[in-house]
Amino acid sequence: MDADRHDADRPPTVPQDRELVDLVLSANDAVMWSFDFTGELTWMSGMDTLLGKPGADVEEIRAPLYELLKPLITAARTTPVWQDLDLEQPLELPGGQRRIRFHARRYGDTDTGGVVGVATDASTSYEDQQSLADLAERYRLLVELTPDAICVHQDRVIKYVNPATVRMLAAESEKALLGARITDFVSDSSLEQLRARLATLTSPGSTSEPTEATLLRCDGAEVVVESVAVRTTWWGRPAYQVIMRDLTDQRAAEATLRYQAALVEHVSDAIVATTSEGVVTSWNPAAETVYGIPEQQAVGRHVSELVGAPMEPAAVLTSGGVTRAVHQRADGSPLTIRISAAEMDEGFVLLCADETAQRRAEQHFAVVVTALDEGVLVLDPTGAITSANPAAQQILGTSETDIVGSSPVTWSLYDESGNELPPREHPSMYTQWSGQPQNSRVLRLRRPDGTSVWLAINSRPLMPGDQPPHSVVISFTDITESRAVHARLEQEATHDPLTGLANRTLVLQRLRTALQSSTRKQSMAMLFVDLDQFKVINDSLGHNTGDKVLRTVGQRLNTAVRHDELVGRLGGDEFVVLTHLGPSRDRSAHGEPRELAEKLRARLSEEITVADRSLHIDASIGIVLAPPNDTRTAEDLLRDADVAMYQAKECGRGRSAFFDVELRERMQRHMRLEQDLRGAVRNDQLWLAYQPVIDLRTDRTVAVEGLLRWTHPEHGTVSPGEFIPLAEESELINRIGGHMLSTAVHELAFHRGRCELSTRLKVNLSVRQLDDPWLLTTVRQTLSDNDLPARTLCLEITESALMRDSAEATRVLHSLRELGVSLAIDDFGTGYSSLAQLQRLPLDILKIDRSFIAELEQSPGAENIVTSIIAMAHTMNLTVVAEGVETVEQLDLLRSLGCDQAQGYYLGRPAPAREFFGAAVSDTTSIPPQQHGDRHTSDRSTSAPE
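Figured I'd write up the structure that's included with this text. None of the values given here were measured: they were computed from a predicted structure. (Residues numbered from 1 in each chain as written. Predicted model: local features only at pLDDT ≥ 70, side-chain atom pairs only at ≥ 80, totals over all residues. Heavy atoms only, no water.)

Quick word on the packing of aromatic side chains
Counted according to the given criterion, the structure contains 7 aromatic pairs. Put simply, the rings of Tyr690, Phe916 and Phe917 touch in pairs and so form one group of aromatic residues. Arg444 extends its terminal NZ or CZ atom over the ring of Tyr414, reaching a point 4.3 Å from the ring centre. (Phe/Tyr/Trp six-rings, centres within 6.5 Å; stacked < 30°, edge-to-face > 60°. Lys NZ or Arg CZ within 6 Å of the ring centre and 35° of its normal.)

So this is what it looks like as structure tokens:
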């Protein structure tokens, strides 16, 4: 066959070339073939074997080969020259099916050209693909049907969950979980363990050790799981697959077994197992103790012989299962025993409770209680008094007949401030329903004869383990005489005269005592409560009304806390609550104090009626924790709680914040910087840096943005992100903003004249400046003083500032527009503006926030967002500027997307006016070549001011 024939459009192949082609093709198990459009089909050696016809002649090969190639040849007639074509065809052979893959290119025209290509056996690749598909399907079914929960999270965001995960977390569907943060479903107690475990998975496929963790279900319940994390990938990026197994049933079974074993071995009651005839088969350690007979001597003997009295288990069961009897120890001493019987396989189980000591103690208790000088009352679960000792009758000034059957909630009890306690706050009712004791509660009782007596009352549940309502034991002592001696002095020295709460002296005293206690093993928390906007009440309604509000606040705080928690008033509208965090209540380091803070805020926010006016108040609460062995003084803790309170106010008031050391240092630094900022303008420490804005169509500088900088004499360069908010929080922002606007306009006007520039100036306005009634006058006067055309100035306002009060912002912007200045919306995409809102604003320029530009190269989503913003802005006739351009790739992509202008470190770093304009910045400034070396990530340069 003519395998070496050449066409006019194909370069000739010398024999050595052909040998080289054969060698390459044979190494890849490929056979070369060609077809010219005149109808001639040629191929190289090996085609007979590939087609399953080894040794066949040319005609036996040509026909089947042409049938296989016919679709590809037809397609080649309509495709461009040298475009790759691929075709995979099945070939039925006696031994089964083989799949042939053809890869070809067209050459020449449709008259004189043809197609040249190679053919390979694709059967193995096809089978591999089928195997992979089958394997993937089996894996999918395994994941979907496994009872273990499996989820995949990436950057802490859930990307996949199987049905078992949906069930474990009690979610309505997998949509309720996808996109949520994985940490939302992990208990605080397990978060650190989770982070540490993930940090060890540094390479794909690495697996963590099985670890127990507590998850939070959607219904609020917790579930304990055993989890294993595997480092994997999700859409090409690192991710983690977590397999979780619910340990609830396992834990319950283990706990039951442990409980049963402990019950038998460690219970104080004798547990005896017998046959149906009453012969002992099991004798626990408590039985040895109660009856004084070792187990080895007891097993095998009749139970009656061992307990020293007739006892038939079947008779006990028939009589109701519970009875009492007098038994005898091995030494002959009598025992009062309560017997409970239960039937088991081929025998009985007897529970013999030794009540001997209890009966003796009851007798002793009755004698002691009768002789006590302290009053003792016993209340049943309904709150009715069932017994009263003689001391109680004397202190209460009434007889036992009148006391028994009555309820303490009918007594007239008053707290130390003279307020009558509502029934729910009586010690007996509190303990009855909460199960919590009240110790040494000092209250005043009005007796039936009209006289009053001060009592130190203790209330405790009679059986703490029972469910409420509880039976309660109340004990009280008459402290009238001792209180009368010390009341006046103590009140004046340690209590606030307005609210009756502890004053600063008592708060610090209690705090010092707690901190210096060598036995303290529990953490404490101090909550610093400051009323929000209380000055408005004082100024508008008068100090008398303010005092009534403070008293109400004090009362509410006092009634919202436990009796062992100290509530104090430091002065003005500042209160504190000091609490000990009990280990039984601790759920996390911040859990209990945060709950207490929210409880206090909820109580304070209830309506207050003063002088026929309904008032509503809220509070900002700073919280500081003092673990055991804390070295801070009481004054230090009070200061730190105060710092945390101010942090809560900075975050928007009506909330709580926890103190940490960084917060104190940051507050101290902010305070120093705010003081120093007041002299920064006067001392020439504030100055402007300028950054070019480049037109992407002409590659020329069309504007410069003035960026505010502060060189502090002690701290050096202070970030604008730190000192601009300080200026905005005070009255400084308008003065600094006006000064910087004047400076920027003056410097640009000077250099425009010197260098004959037509560059425009961009200056940011603060949200506070929009409220300045002198803003328009300042802008007009500044432009006039420097003979700078208004069209040269562009004022930039952030999107969030415009959305804060869009109606007022629209009015101010229209006024500025009437002056002739341009207006830009800055940091677009970070706020929540709508198209309708933008259309109402007189804007000229839209600046895309740098966060979208930074993601352009990595995220297709960011590119889509930027494309949409550009298209939207252009439909509104707005010029689009991209901020934060730092690479040539970003610049090229923005240009291809139709962005109008750009600025960023790649185009030019901010520089002082002397350096910037001295470098011959002009309309002919071109985009710099791609930089090599270090790439700088620009900080958020704040304009003058931002």
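Some remarks on the side chain of Gln432
Considering the arrangement of structural elements, one finds Gln432 in helix α15 (residues 427-434). Residue class for Gln432 comes out buried when judged on its relative accessible area of 7%. Other than its neighbours up to four places away in sequence, Gln432 contacts Pro381, Thr382, Gly383, Pro468, Pro469, His470 and Val472. (Helix = DSSP H or I, 4+ residues; strand = E, 2+ residues; numbered from the N terminus. Buried < 20%, exposed > 50% of the residue type's maximum accessible area, 1.4 Å probe, protein only. Contact = heavy atoms within 4.5 Å.)

Points about the pattern of salt bridges
Counted by the stated rule, this structure contains 38 salt bridges. The shortest N-O distance in the salt bridge between Glu67 and Lys70 comes to 3.5 Å. One end of the pair, Glu67, and the other, Lys70, are both in helix α3 (residues 58-76), 3 residues apart, so they sit about a helical turn from each other. For Arg895, the salt bridge goes to Asp892, with nearest N and O atoms at 3.4 Å. Taken together, the positions of Arg895 and Asp892, both in helix α31 (residues 888-897) and 3 residues apart, correspond to about one turn of that helix. Residue class for Asp892 comes out partly exposed when judged on its relative accessible area of 42%. Several salt bridges converge on common partners, so that one network encompasses Asp630, Arg632, Asp636, Arg639 and Asp640. (Salt bridge = Lys/Arg side-chain N within 4 Å of Asp/Glu carboxyl O.)

Overview of unusual backbone geometry
Residue Pro469 follows Pro468 across a cis peptide bond; omega there is 0°. Relative to the helices and strands, Pro469 resides in the loop between β20 (452-461) and β21 (472-478). Unusually for a residue other than glycine, Gln533 sits at a positive phi of about 60°. Along the polypeptide, Gln533 turns up in the loop between β22 (524-531) and α18 (534-541). Taking the relative accessible area as the measure of exposure, Gln533 reaches 48% and is therefore partly exposed. Positive phi is not limited to glycine here, since Asp827 has a value of about 55°.

Section: the sheet that holds β21
Taken in spatial order, the 6 strands make up an open sheet running β17-β16-β21-β20-β19-β18, and their pairing is antiparallel. With partners counted over all chains shown, the strands left at the sheet margins are β17 (385-388) and β18 (412-414), one partner each. Strand after strand, the sheet turns through a mean of 35° between neighbouring axes, direction not considered. Pairing of strand β16 (residues 375-379) with β21, which is carried by 5 bridges, proceeds in the antiparallel orientation. What sits directly across from Leu377, in β21, is Ile474. (Pairing = 2+ DSSP bridges. Axes fitted to C-alpha atoms, helices over the stretch in contact; angles between N-to-C directions.)

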